[in-house]
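Summary of structural features
Residues per chain are reported as follows:
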Amino acid sequence: MKNSIVAAVVAASMGMATAAQAEITVGFITSQSGPGSSIGVLYDRGMKAAVEYASSIGAEKIKLIQLDDGSDPSAATRNARKLVEENKVDLLIGTSTAASTSAMVPIANELKVPMIAISPISVAANDAGDRWAIVMPQPPTLMVKVVVDRMKRDGVKQFAYIGFSDAWGDLVYNGAQKPAEADGLKILTNERYARTDTSVTGQVLKMMATKPDAVLLGGAATQGALPPLALTERGYKGPLYGTPALLNTDFIRVGGKSVEGVQVSAGPVIVAEQLPDSHFSKKISMDFRAAYQKANGTPTSDGFSAYSFDAWLVFLDAAKRAMATGAKPGTPEFRVALKNAIFSTKDLVGTHAIYNYKPTDSYGVDERALVMVRLVNGQWKYEP
């Protein structure tokens, strides 16, 4: 398995900092290999943009250590423990799949290191009732509620569901149930497939047999295109709906005409240039795009990389306040101060949302964090 350690990412101008200054160390885990890599690579590019945007906090240097979990939850667990116990990181950020991200949280709780999750997961407090992890993405319940509400507006009465046979598939399906009931919509199927499957013919045949008005997709990235392709092959011409997990160039490339017209909920960053100038996300999203272009040599066209960027913004904001307590990076006291600062984040403007965290809740966004977009000629179009 690939384990790459990225050297200290500091601006060249900071090279004159005195040796007496302690570095703030961040451990970043993402999937550079395995089935989650199509998203993991985007998280990596977003982190590169984040470092390009800000590589120090005042005179304090930031060291970033990056590991590949190979899309394996057990590897994510080992990596998290290694980063804390061996590399003495002050913060964990990760990772590319819900299952692997969920596997990291108990390590953060056990070793008392703050963590920023960049995949949408459910986070429980530790046995002492304390929280060490926050979540950047919009809650799956909110992601799906916005979509189900749009279905109702579009006249859908009943819809079929197909999603991954893992934690993410569960989150989307469970998130659809309450808003569907509230909106008077019926869920006809709960079909699942593995991220490594190459065919969903059987599942699609069962879905088609129910004669759905629409289909809700609970997949992600490249593998998320598998059901639309199979549906098209069997003559389905109804509308498709999905979540931000489909905001990926590989989904568009692999899905082709089969995914044209799909409507998904999305963070506003995905259509930044289409937003009015008064929108909270407009300026920071354009700054993010500029940093992404400079760091990666290509424009961004996804929503995942912006989660890494927003995680960095939350970290920068909290670290400033943690340092003001006098605690030194690399110490348990600094980790506690950083955790407390993260959980007191207030009205921090990011590309996806305006973030507000509190000790009793690991999610920090509201409905301002989502817009609806439609895929038109391979491009996402803002649909207020």
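It should be noted that the structure appears before, not after, this text.
Definitions and cut-offs
- Think of each chain on its own: its residues are numbered from 1, step by step along the sequence as written.
- In keeping with the predicted nature of the model, local features appear solely for residues at pLDDT of at least 70, side-chain atom pairs appear and are counted solely at 80 or more, and the whole-chain, interface and lining totals rest on all residues.
- To obtain the side-chain values, all non-hydrogen atoms of the structure were used and water was disregarded.
- Here, nonpolar core refers to any group of buried Ala, Val, Leu, Ile, Met, Phe, Trp, Tyr and Cys residues whose side-chain atoms link them within 4.5 Å.
- Per-residue accessibility, obtained with a 1.4 Å probe over protein chains only, is compared with the maximum for each type, and a residue is labelled buried under 20%, exposed over 50%, and partly exposed between these values.
- Strands are runs of DSSP state E lasting at least two residues, helices are runs of H or I lasting at least four, and both sets are numbered from the N terminus onward.
- Note on contacts: a residue pair is in contact if any heavy atoms of the two residues lie within 4.5 Å.
- Basic side-chain nitrogens of Lys or Arg form a salt bridge, by our definition, when they fall within 4 Å of a carboxyl oxygen of Asp or Glu.
- By definition, two strands form a pair when at least two bridges between them are found by DSSP.
- Orienting the strands away from the viewer, one traces the path from the first strand over the helix to the second; a clockwise path indicates a right-handed crossover.

Counting 129 residues, the largest nonpolar core has Leu92, Ile93, Leu216, Trp312, Phe315 and Trp380 as its most contacted members. When residues of this core are assigned to their parent elements, the largest contribution, 13 residues, is made by helix H10 (residues 304–323). Once residues lying within four places of it in the same chain are set aside, the contact partners of Trp380 are Leu246, Leu247, Ile252, Val262, Val264, Ile270, Val271, Gln274, Val373, Arg374 and Leu375.

Attention now moves to the pattern of salt bridges. Counted according to the given criterion, the structure contains 20 salt bridges. With a closest N to O distance of 2.7 Å, Asp44 and Lys48 form a salt bridge. Remark: Lys48 and Asp44 occur in helix H1 (residues 37–53); sequence separation between them is 4 residues, near one turn of the helix. Classification of Asp44 as buried rests on a relative accessible area of 7%. Lys48 gets classed as partly exposed once you look at its relative accessible area, which sits at 37%. Salt bridges sharing partners connect three or more residues here, namely Arg81, Glu85 and Glu110.

Of the two faces of strand S12 (residues 263–266), the one carrying Gln263 and Ser265 and the one carrying Val264 and Ala266 are both buried. The pairing of strand S11 (residues 240–242) with S12 spans 2 bridges and is classified as parallel. Across the sheet, Tyr241 pairs through a bridge with Gln263, a residue of S12. After leaving S11, the chain enters helix H8 (residues 249–255) and then returns to the sheet as S12, a path that is right-handed. Looking at chain direction, S12 and strand S15 (residues 371–376) are connected through 4 bridges and run antiparallel. Bridging from a neighbouring strand, Val264 pairs with Val373 of S15.

Residues Leu91 and Ile93 point to one face of strand S4 (residues 91–94) and Leu92 and Gly94 to the other, with burial holding for every one of them. With 3 bridges connecting them, S4 and strand S5 (residues 115–117) associate as parallel partners. Across the sheet, Ile93 pairs through a bridge with Ile116, a residue of S5.

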